[in-house]
Structures are given as structure tokens and as C-alpha cells.
Amino acid sequence: MPAKTQNLSDKIYNLLKTQILSGKIKGGEKIPEESLAKQFGVSRTPVREAVRRLGEYGLVTIKPRCYAEVATLTESEASDIAYVRIRLECLAVDLITKDSLNAHYKNLVRYASECQLALEAGNLALAFENDSFFHAELVAASENSALMYLYEHLGAKIHQLRLNQNIYGSHLRSYTAQHEKILDILEKGRKKDCKELLYNHITQSPYPEGLAL
């Protein structure tokens, strides 16, 4: 693909990704390929390349010889992803040591802060992106390569889970504020409390008494 076309494809990809992650284009909605091509003054080739990349990322479902739409999750799929994500992040918490936390602490603080700043600026896509970076860094602090590999390959589905939960407005502010609390509890060595908060944070529901994580 020529460099100019590739550059346009990158711009379209970033625009679509931002619109999807901010909720401007919602799950199940068709990707407006024709209007995007007109907007950028291009053929559909760079648009389709951008859509293909979003499909690989997991944010778009491509219907062969038909159209592409923003990916959606059924209630059952969302529950399955949340269950696996909770277990992976709680396992990471169990494996984190004082030294490994110290090694990743600056990045965790930075992502938590940038998530809040993006939210205050009204940039929901950037807020979600930094939320993703925060949790990936939390798993990285386990310093377990197998766990990091599994979590990374679940990344697109976790993005879909965020979108499926429709976390916006004051609810989103409360959600992002929990990052600092997660760090504070973890730094104090209260791993059980940290895992319970992660459960609440990921599922957006109270921790069920008696559940072992």
C-alpha cells in the first residue's frame, strides 16, 4: 500500500477507534464506509484497511461481502469475559511482590492520573485507553510472562466489555477514581481487599460475600 494511502488509513483507523471507544458509534451499528471515504476524499480502500485492522483488534465484526459493524457481546459472553478477567487480575495481585510493585509503581500512578485527566477533558476514548494501560500494567507487575500473554490476548474482548457496560457520566468518574484506591490498598499489602475492590471495579457490582478469589 502506498505511503499516502497508508497514512490516510491510519487516520481513519484512529478516528473510528476513538468514536467506538467513546461510544459515539455503538455496538451493532454499521461502520459508515461510504461517508468516511467522502469525508477523507479517498476510495474505499484505505477505509476498508482501517476497518480490517479494527476487526483484528476485536472492535469490529466484518460481514463477508456485506458490511462491518461495531462488535457486540451477548450478556453471557460479557459475563464469561468478566469472570476470566477477574481471575487473571486477582492472580496478578497474588503474585505481585513489594519489589515488583515498586518497579511498576510510577507507570501505574501515571496511567491512573492520565485516565482522570482525560475524563476531565471529556476525552472518553483516551480515558478508556489509559484504563486499559493501568490494568495491563497491574498484570505486568506480576512479572509472570504466561499471565501477561493471556491478558494481552484478551485485550480486545476487555475493551468490548467496557463498552458493553456503558460506563459514562458520574458512574465513569467513580470508576476511574477506583484506580488510586486499588493502588493504595495494594501498596499497604491488603491483597484480599484489593481483589474484592477489583471485583467491584470490573463487574460494577458489589462483591458477593463468601466468594473466594
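Residues numbered from 1 in each chain as written. Predicted model: local features only at pLDDT ≥ 70, side-chain atom pairs only at ≥ 80, totals over all residues. Heavy atoms only, no water.

Q: Which parts of the structure should I look at to understand the nonpolar core?
A: Within soluble globular proteins, side chains that are nonpolar generally end up buried alongside one another. Grouped together as the largest cluster of nonpolar side chains are 19 residues, with contacts concentrated most on Leu16, Ile20, Ile31, Val51, Leu54 and Val60. Contacts of Ile20, omitting those with residues within four sequence positions, involve Ile25, Ile31, Leu54, Leu59, Val60, Val70 and Leu163. (Core = buried A, V, L, I, M, F, W, Y, C linked by side-chain atoms within 4.5 Å. Buried < 20%, exposed > 50% of the residue type's maximum accessible area, 1.4 Å probe, protein only. Contact = heavy atoms within 4.5 Å.)

Q: How do you make sense of the packing of aromatic side chains when you look at a structure like this?
A: Each aromatic ring pair is summarised here by two numbers: the centre-to-centre distance and the angle between the ring planes. Within the structure shown, the criterion is met by one aromatic pair. Taking 5.4 Å as the distance between ring centres and 45° as the angle between the ring planes, the aromatic pair formed by Tyr111 and Phe133 counts as tilted. In this pair, Tyr111 sits in helix H5 (residues 98-120) while Phe133 sits in helix H6 (residues 124-140), placing the two residues 22 residues apart along the sequence. For Tyr111, a relative accessible area of 13% translates into the label buried. A cation sits over an aromatic face here: Lys30 above Tyr67, 4.6 Å from the ring centre. The aromatic ring of Tyr13 is capped on one face by Arg53, whose charged end is 4.0 Å from the ring centroid. (Phe/Tyr/Trp six-rings, centres within 6.5 Å; stacked < 30°, edge-to-face > 60°. Helix = DSSP H or I, 4+ residues; strand = E, 2+ residues; numbered from the N terminus. Lys NZ or Arg CZ within 6 Å of the ring centre and 35° of its normal.)

None of the figures reported here should be taken as evidence of function without further support.
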